[in-house]
Amino acid sequence: MPVLLKGSCRCGAVRFEVESHTPVPFMLCYCSICRKQQGGGGFAINLGADYETMNIRGKRSLGVYRAEIEDDEHPHCEVSTGERNFCRKCGAALWLYDPTWPDLVHPFASAIDSDLPKPPEKVHLMLKYKANWVEPVIGKKDKVFDVYPEESIADWHKRTGMWVE
Ligand SMILES: [Zn+2]
C-alpha cells in the first residue's frame, strides 16, 4: 500500500492528501527558485506522489507561481512549466505540479504533517546555484550534483529499498 501523505499550509486554509510510493525526503534542491520560495536553509525538499490520488481542500486559497528561468541551463528566459502551488493567505509553499509529467505531483516535505521515513542517504542538487552563505551538510553516502542528478526519485527509492509498493 502506498503511503498517504497528509499536508497543509501554515494557516490551515489549504489541506491535502495524496498517495505516495516515494515518500523519503532525500532530495535537497539548492536552486534559486526552491531557496527563495520555501528553502530558508538554502534548499527545498521535493517528494514524489501520485497526482490522480490527490485530494485538496481549500482550492480557493491556492495561488500558482510559474517561475521565469534564465541561467546557464536556460540562456533564453523561459517560463517554467512547473506550477508551484502555495497558500495565498499564509504564503506556505505546498507542491509542484508539472503538466509535462501529469501522473506525478511533488509535495514539498515542509508542507507534510504526517511522519516521513528518514533517508539513509541524500542527494544534493543544483549546487552550482546555491547561495554563497549556504554550507551543505553532506553525509558520507550522499551524492552531490552541480545541476541535475542521474537518478529519478522513483529509481532512488528502488535502489535504496525504500520504494513503497
Ligand atoms: Zn495558509
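Residues numbered from 1 in each chain as written. Predicted model: local features only at pLDDT ≥ 70, side-chain atom pairs only at ≥ 80, totals over all residues. Heavy atoms only, no water.

1. So, the sheet that holds strand β1 (residues 3-8)
Consideration 1: Pairing in this open sheet of three strands is antiparallel, and the strands run β1-β2-β6 from one edge to the other. Where the open sheet ends on each side, the last strands, each with one partner, are β1 and β6 (55-57). Strand after strand, the sheet turns through a mean of 15 degrees between neighbouring axes, direction not considered.
Consideration 2: With six bridges connecting them, β1 and strand β2 (residues 15-20) associate as antiparallel partners. Directly across from valine 3, in β2, lies its bridge partner serine 20. (Pairing = 2+ DSSP bridges. Helix = DSSP H or I, 4+ residues; strand = E, 2+ residues; numbered from the N terminus. Axes fitted to C-alpha atoms, helices over the stretch in contact; angles between N-to-C directions.)

2. Notes on the coordination of the zinc ion
Consideration 1: Taken together, the protein donors to the zinc ion comprise Cys9 (SG), Cys11 (SG), Cys87 (SG) and Cys90 (SG), at separations of 2.3 to 2.4 Å.
Consideration 2: In the primary structure, the donors to the zinc ion are separated according to the pattern C-x1-C-x75-C-x2-C. On the criterion of sequence distance, the pair formed by cysteine 9 in the loop between β1 and β2 and cysteine 90 in the loop between β10 (83-87) and β11 (93-97) is long-range, its members being 81 residues apart.
Consideration 3: Judged by relative accessible area, which is 5%, cysteine 9 ranks as buried. (Donors = N, O, S within 2.8 Å, 3.2 Å for Na, K, Ca; no water. Buried < 20%, exposed > 50% of the residue type's maximum accessible area, 1.4 Å probe, protein only.)

3. Overview of the pattern of salt bridges
Consideration 1: Summed over all chains, the structure comprises three salt bridges.
Consideration 2: Residues lysine 143 and glutamate 121 are paired through a salt bridge, measuring 3.4 Å at the closest nitrogen-oxygen approach. Here the residue lysine 143 occupies a position in strand β14 (residues 143-144), and glutamate 121 occupies one in the loop between β12 (104-107) and β13 (123-125), the gap between them amounting to 22 residues.
Consideration 3: What makes lysine 143 partly exposed here is its relative accessible area of 33%.
Consideration 4: Across the salt bridge formed by arginine 159 and glutamate 121, the nearest N and O atoms sit 3.0 Å from each other. Here arginine 159, found in helix α2 (residues 153-159), pairs with glutamate 121, found in the loop between β12 and β13; they are 38 residues apart in sequence, far enough to count as distant.
Consideration 5: Arginine 159 gets classed as partly exposed once you look at its relative accessible area, which sits at 42%.
Consideration 6: Judged by relative accessible area, glutamate 121 falls into the buried class, the value being 8%. (Salt bridge = Lys/Arg side-chain N within 4 Å of Asp/Glu carboxyl O.)

4. Some remarks on the layout of surface pockets
Consideration 1: Of the voids in this model, the largest pocket is the one considered here, and its volume is about 1300 Å³.
Consideration 2: Around the largest pocket, the lining is made up of 43 residues, and of these Leu96, Asp98, Trp101, His106 and Tyr148 lie nearest the centre.
Consideration 3: Those elements giving two or more residues to the lining of the largest pocket turn out to be β3 (27-29), α1 (32-38), β5 (49-50), β8 (68-71), β9 (74-79), β12 and α2.
Consideration 4: Per-element tally for the lining of the largest pocket: the top contributor is β8, with four residues.
Consideration 5: For the lining of the largest pocket, the per-class residue count stands at 21 nonpolar, 11 polar and 11 charged. (1 Å grid on protein atoms, 1.4 Å probe; cavity = no way out; pocket = protein on both sides within 12 Å on 5 of 7 lines; lining within 4 Å. Points joined across faces, edges and corners; volume = space filled by probe spheres on them. Nonpolar A, V, L, I, M, F, W, Y, C, P; charged D, E, K, R; others polar.)

In short, geometric facts, not functional conclusions.
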